Amino acid sequence: LSMPRVGEEAAGKALVAFERGGCADPHLENQLVIFMALAEGTSRLRLGCTPADVTEDNHMRSALWLAKRFGAAVRILPFEDSMGSGALLEIDGIGDHL
């Protein structure tokens, strides 16, 4: 793929996520999981996909698996509001108990 095509594809995925009510593009979402798992307390992230879509992304699935291995509690909840329906990722982080 050419560089302009790669940029267009990434921007297109980000726009779809934002239009669905997500607060980050799919590539950033899965990277935030580890920080959420290490944080103290409950972290929440609105995802730009449905709960069913979350488990289809290999990167997200791996990040959630690692968060659970750290001891964090992970929940993927459905939500619906004026922007439509989607998924809310909640992680009860471990704080400094690693």
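Located above this text is the structure these notes cover.
So, here's what we can say about the structure. Position numbers for residues start from 1 in each chain and track the written sequence from start to end. Totals for whole chains, interfaces and linings use all residues, but because this is a predicted model, local features are given only for residues with pLDDT of at least 70 and pairs of side-chain atoms are given and counted only at 80 or more. Note that the side-chain values use all heavy atoms of the structure and ignore hydrogens as well as water.

**Some words on the side chain of serine 43**
Starting at the N terminus, helices and strands are each numbered in turn, a helix being any DSSP run of H or I of at least four residues and a strand any DSSP run of E of at least two. Within the element layout of this structure, serine 43 appears in strand S1 (residues 40-47). Here serine 43 falls in the buried class, since its relative accessible area comes to 16%. Two residues qualify as a contact provided that any one of their heavy atoms is within 4.5 Å of a heavy atom in the partner residue. When sequence neighbours within four positions are dropped, the list of residues in contact with serine 43 reads Met36, Leu89, Glu90 and Ile91. With a 1.4 Å probe rolled over the protein chains alone, any residue whose accessible area is under 20% of its type maximum counts as buried; one over 50% counts as exposed, and the rest are partly exposed.

**Overview of the sheet that holds strand S2 (residues 73-81)**
Any two strands are treated as partners once DSSP identifies two or more bridges connecting them. Ordered in space as S1-S3-S2, the three strands form an open sheet in which the pairing is antiparallel. The sheet is open, and its two borders are formed by S1 and S2, each paired with just one other strand. Averaged over all adjacent pairs, the angle separating strand axes in this sheet is 25 degrees, with direction ignored. In this sheet, strand S3 (residues 84-94) lies alongside S1 in antiparallel orientation, the contact comprising eight bridges. If you follow leucine 45 over to S3, its bridge partner there is leucine 89. Helix axes are fitted only over the stretch in contact, all axes being lines through C-alpha atoms; the angle between N-to-C directions runs from 0 to 180 degrees. Along the sheet, helix H2 (residues 26-38) makes contact with S1 and S3, crossing S3 at roughly 35 degrees. Strand contacts of helix H4 (residues 58-70): S1, S2 and S3, with the helix running at about 130 degrees to S2, the strand carrying the most contacts.

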